[in-house]
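Structure assessment
The chain contents come next:
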Amino acid sequence: MNLVDFHTHILPGIDDGSQDESMTRDMLFEEKRQGVVDIVATPHFYANQMSVDGFLENRSAALKKAEQIRREADESLPSIITGAEVYYFSGIGRAEEIPRLCIGDTRVLLLEMPFEQWTDDVLRDVKDLIRKQKLTIVLAHIERYYRFQKDMDIWDCIMDLPLHTQINAGSFVNKGRFLRPDRRWQFCIDFLNDHPDTLHMGSDCHNMVNRPPNLEKGREGIKAKLGQEALDCIDASTAKLLGL
Ligand SMILES: [Fe+2]
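Residues numbered from 1 in each chain as written. Predicted model: local features only at pLDDT ≥ 70, side-chain atom pairs only at ≥ 80, totals over all residues. Heavy atoms only, no water.

Here we come to the coordination of the iron ion. Donor atoms from the polypeptide that coordinate the iron ion comprise H7 (NE2), H9 (NE2), E85 (OE) and D204 (OD), at 2.1 to 2.3 Å from the metal. Given four donor atoms and angles of 81 to 164 degrees at the metal, the environment of the iron ion is assigned as irregular. For the iron ion, the single-chain donor residues occur in sequence as H-x1-H-x75-E-x118-D. Here H7 is found in strand 1 (residues 4-8), whereas its partner E85 is found in strand 5 (residues 85-87), with 78 residues between them in sequence. The exposure classification of H7 matches that of E85, with both residues buried. (Donors = N, O, S within 2.8 Å, 3.2 Å for Na, K, Ca; no water. Tetrahedral: all angles 85-135°; square planar, octahedral: opposite > 155°, others 65-115°. Helix = DSSP H or I, 4+ residues; strand = E, 2+ residues; numbered from the N terminus. Buried < 20%, exposed > 50% of the residue type's maximum accessible area, 1.4 Å probe, protein only.)

Let us now look at a positive patch on the surface. There is a patch of like positive charges on the surface, built from R147, K150, R183 and R184. If you trace the backbone, K150 turns up in the loop between strand 7 (136-139) and helix 4 (153-159). (Patch = residues over 30% accessible without salt bridge, like charges linked within 9 Å, V, L, I, M, F, W, Y side chains within 5 Å. Areas by Shrake-Rupley, 256 points an atom, 1.4 Å probe, with all protein chains shown as cover. Salt bridge = Lys/Arg side-chain N within 4 Å of Asp/Glu carboxyl O. Lys, Arg positive; Asp, Glu negative; His and termini not counted. Charge placed at Lys NZ, Arg CZ, Asp CG, Glu CD.)

For the rest of this paragraph, the subject is the nonpolar core. Grouped together as the largest cluster of nonpolar side chains are 76 residues, with contacts concentrated most on L101, W118, I142 and I158. With seven residues, the top contributor of residues to this core is helix 2 (residues 52-72). The residues touching L101, leaving out its near neighbours within four places in the chain, are F45, V52, F55, L56, G83, A84, V86 and L109. (Core = buried A, V, L, I, M, F, W, Y, C linked by side-chain atoms within 4.5 Å. Contact = heavy atoms within 4.5 Å.)

The analysis is restricted to geometry; functional conclusions fall outside its scope.
And the structure:
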């Protein structure tokens, strides 16, 4: 089964991820060293800062540079599938251009949710994306929102929708002091146990220093706690979702 990094900022010079070709090159080689075969490139898309056309133009220019690096390499580097990390905005559910930001030629959209209490509006938009726009929604780094949800009702309603989620690999690395699991790690383990068929892993890598490709470390954490089966389940669900 192909190992997929589902969430990366590896394309050069398009967002706060890789700053240039040399950084992208280092990241691609590191992904390869960790056994990654397919990388989903998901630069940030902010509707209040850019048009879909402008974003796609920039992404295509950045992709050309990354493909050039792949061609010039002495070994075969992971392939790159284009996508976007689309930040939620009010009304996104009815925004007709959103499907253009899906991954590759799928109807799968990586959606970054608000880092605040989710509201009825958020719920309606996510529902519209799924039911009206017929998209398969993957909520980006699901472990980063729960602490903002003082009222869990909307969270529960959204989790009941037929959607997928993505967790950052780094969150499976237990950073708890005195070897006690920290809260985020425990959330991730529980979440993976509850949603084994709809969960995808990404490094959310931005560079080689403080947010490097780290799928390998995250997978080691999962394997140590839940065994190889959990990894196999994730790999199978990701391959199925992307049609790999
Ligand atoms: Fe990201």
